[in-house]
Amino acid sequence: MKTVITRYTTVNRVNHWLTAICFVLMVLSGLSMFHPMLYWLSGLFGGGQWTRAVHPWIGCVLLVSYVGLIVQFWRENLWHREDTQWVKSIREVVENDEEHAPPVGRNNAGQKLVFWSMTFLIPVLFLTGLVIWEVYFGEATSIPVQRAAALIHSLAAVAAIIVWVVHVYAGIWVRDSVRAMTQGYVTPGWAWRHHRKWLKELASDRHDKDLIRKRP
Amino acid sequence: MSDLQSQDYIRRSASTMTPPSARSHEDEVAKLIDVSRCIGCKACQSACMEWNDLRQEVGHFEGSYQNPNDLSPSVWTLMKFAEYENEQGNLEWLIRKDGCMHCEDPGCLKACPAPGAIVQYANGIVDFISDKCIGCGYCVKGCPFDIPRISKTDHKSYKCTLCSDRVTVGLEPACVKACPTGAIMFGTKADMKHQAEERIVDLKSRGFDKAGLYDPAEVGGTHVMYVLHHADKPSLYSGLPDKPGISPMVEAWKGVMKPLALAGIALATVVGFFHYMIKGPNEVTEADEAEGERVLDETEKTP
């Protein structure tokens with residue numbers, strides 16, 4: 001019987017994966033309407049008309065879902081001076097030499113940057129998306145406003161996709177991170193290696209004791 | 001329109017390949033609208049409705065002869081009536097037949113994301129192949145003339161086809177056939193320009209020294225041209241754009257943005273892949289586990 005630490009609650013995880021599913025669907029349908037060479041992706045949604053019709057609705061679900069993530073995670077993603085220090089030692093981090101980077105709390109600066117980038121980009125995508133949602137808002141704004149919205153929407157989408165690639169790769173690269181988001185727990189060794197300050201905090205705080213449990 | 005001339009495309013929306021263009025030995029055509037000869041009878045509007053089987057719902061009087069009030073999915077051409085008071089204080093009734101200009105460099109086609117939903121034939125006509133249209137409204141953003149209209153019932157975009165079905169079989173567009181004053185003419189683009197020149201000389205001799213041809217170079221010229229008595233001020237004619245270029249926003253969105261975006265996404269993925277190949281996964285070691293367990297045990301012993 002080994003000890004494990006709860007990192008993400010069931011609510012955290014369900015909310016995360018609802019967001020993830022919506023995001024992937026948005027990327028596939030959005031790219032099909034962005035670049036002609038990717039138009040075939042519209043076949044996954046039943047053709048061009050269906051893709052055009054369903055994309056904004058999935059976007060609405062994504063926004064609501066992401067607001068849930070903001071509510072749950074904003075506090076632990078506040079930026080501190082130590083995060084700036086961590087960014088400065090990014091070289092050690094990518095070299096798999098975390099021993100020589102400053103100890104990390106619950107989230108490292110990279111995770112915080114992903115969180116805040118998406119917190120900025122998803123509302124931008126939502127608002128510009130509303131402007132170019134032809135069926136309901138086609139006449140709500142002037143054509144020059146719609147042109148600007150279409151350009152900003154695609155720029156923000158590309159930025160969000162690149163942030164997402166970084167996020168997914170970090171999950172693959174840093175072993176057992178995906179398990180934290182699927183099954184909810186990490187081992188003490190994982191916490192020691194990647195989030196040492198967090199491990200020490202929860203070990204010393206009696207309120208966090210219920211997070212430490214036996215492996216299921 | 002339906003796709004009747006599939007082997008003479010010179011442009012095809014959302015396509016990275018050369019479109020089928022073998023049957024391209026065609027003269028460029030143009031419609032010439034001589035605004036100075038228009039009497040505002042709307043025969044062209046009626047002929048357009050007749051030939052294309054379009055019936056706009058009957059609307060309300062909006063205080064103008066202009067009727068219906070705007071273009072729509074079932075109004076592809078519209079007489080626009082502008083009352084202009086000139087420098088001498090006299091009223092001029094400037095009546096312009098509005099509709100698709102059939103640009104040589106069509107903004108709608110550039111913006112369209114659906115392959116083959118907008119095409120340009122070798123004769124210069126820009127046509128919507130409606131069954132491929134996905135109803136996104138990007139053509140509306142691409143058009144410098146505010147022409148395409150999206151139907152709320154079938155979610156397709158519509159506009160004047162320059163009667164591509166008639167032109168294919170050697171007929172003139174329906175509006176041209178119906179015009180009782182000869183204000184609308186149709187032929188090769190070269191002939192129409194020549195026709196316009198003669199007309200402009202005549203107008204100038206009668207005091208309209210600013211008369212000229214509207215064939216805006218910003219969109220590479222158009223296949224619908226106007227003879228205007230005030231060619232220096234096209235906007236007098238119910239907001240005909242003075243400089244109707246494709247918006248720089250649309251150019252950026254549909255130009256540099258597309259390859260740069262895909263390259264950026266691909267680069268991020270490739271960098272990730274090679275980082276993994278070179279540095280490998282960041283794995284927890286036995287020593288880490290021992291240290292982690294130690295931290296937890298220590299605090300348990302010191303209550």
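Notes on the structure follow. Everything numeric here is computed off the predicted structure, so don't read it as measured data. (Residues numbered from 1 in each chain as written. Chains lettered and ligands numbered in written order. Predicted model: local features only at pLDDT ≥ 70, side-chain atom pairs only at ≥ 80, totals over all residues.)

### As for the overall build of chain B
Item 1. Secondary structure summary: chain B contains nine helices and eleven strands in total.
Item 2. Relative to a compact globule of 303 residues, whose C-alpha radius of gyration would be 19 Å, chain B shows 28 Å and is clearly more extended.
Item 3. Once the C-alpha set of chain B is aligned to its principal axes, its extents read approximately 105 × 50 × 40 Å.
Item 4. Looking at chain B as a whole, 42% of its 303 residues qualify as buried.
Item 5. Long-range pairs, those at least 24 residues apart, make up 62% of the contacts in chain B between residues at least 6 apart in sequence. (Helix = DSSP H or I, 4+ residues; strand = E, 2+ residues; numbered from the N terminus. Rg over C-alpha atoms; globule rule 2.2 N^0.38 Å. Buried ≥ 20, exposed ≤ 12 C-beta atoms within 10 Å, placed from the backbone. Contact = placed C-beta atoms within 7 Å.)

### Some words on the interface of chain B and chain A
Item 1. Opposite the 44 residues of chain B that make contact, chain A presents 44 residues.
Item 2. Mapped onto the side of chain B that touches chain A, the elements with two or more residues apiece are α3 (138-142), α7 (248-254), α8 (257-279) and α9 (286-301) of chain B.
Item 3. The element that contributes the greatest number of residues to the side of chain B that touches chain A is α8(B), accounting for twelve residues.
Item 4. Grouping the amino acids of the side of chain B that touches chain A by side-chain chemistry returns 22 nonpolar, 13 polar and nine charged. (Nonpolar A, V, L, I, M, F, W, Y, C, P; charged D, E, K, R; others polar.)

### Observations concerning the sheet that holds strand β6 (residues 126-128) of chain B
Residue and element names in this part refer to chain B.
Item 1. Here we have three strands laid out as an open sheet, ordered β1-β5-β6, and antiparallel in their pairing. Two strands bound the open sheet, and with one partner strand each, they are β1 (9-12) and β6. Neighbour-to-neighbour, the strand axes of this sheet turn through a mean angle of 25 degrees, independent of strand direction.
Item 2. Here strand β5 (residues 118-121) runs beside β6; their pairing, made up of three bridges, is antiparallel. Across the sheet, the residue bridging to Gln120 is Val126, located in β6. (Pairing = 2+ DSSP bridges. Axes fitted to C-alpha atoms, helices over the stretch in contact; angles between N-to-C directions.)

### Digging into the sheet that holds strand β9 (residues 184-188) of chain B
All names here are of chain B.
Item 1. On the basis of which strands lie adjacent, the open sheet formed by four strands has the order β9-β2-β11-β10 and mixed pairing. Strands with a single pairing partner mark the edges of an open sheet, and in this sheet they are β9 and β10 (212-214). Between one strand axis and the next, the sheet turns by 25 degrees as a mean value, whatever way the strands run.
Item 2. Contacts from helix α6 (residues 189-205) reach β2 (29-34), β9, β10 and β11 (224-228) within the one sheet, and its direction differs from that of β9 by about 135 degrees.

### Notes on the environment of B:Gln45
Residue and element names in this part refer to chain B.
Item 1. By secondary structure assignment, the location of Gln45 is in helix α1 (residues 43-52).
Item 2. Looking at Gln45, the number of C-beta atoms within 10 Å reads 22, which means it is buried.
Item 3. In the structure, Gln45 is positioned 28 residues away from Pro73 in sequence and 14 Å away in space, judged by C-alpha atoms.

### Concerning unusual backbone geometry
Item 1. Put simply, B:Asn67 and B:Pro68 share a cis peptide bond, and its omega is -5 degrees.
Item 2. Mapped onto the elements, B:Pro68 comes out in the loop between α1 and β3 (78-85).
Item 3. Although it is not a glycine, A:Asp176 adopts a positive phi angle of roughly 75 degrees.
Item 4. With respect to the helices and strands, the residue A:Asp176 is situated in the loop between α7 (143-173) and α8 (177-182).

### Regarding the nonpolar core
Item 1. Ranked by size, the top nonpolar core spans 84 residues in total, and within it B:Val35, B:Cys112 and B:Ile118 carry the most contacts.
Item 2. Per-element tally for this core: the top contributor is β11(B), with five residues.
Item 3. With residues near it in sequence (within four places) discarded, B:Ile118 still touches B:Ser13, B:Cys108, B:Leu109, B:Cys112, B:Val126, B:Phe128 and B:Cys139.
Item 4. Among the nonpolar cores identified, the runner-up in size contains 18 residues, and A:Val104, A:Ala109, A:Trp190 and A:Ala191 belong to it. (Core = buried A, V, L, I, M, F, W, Y, C linked by C-beta atoms within 7 Å.)

The analysis is restricted to geometry; functional conclusions fall outside its scope.
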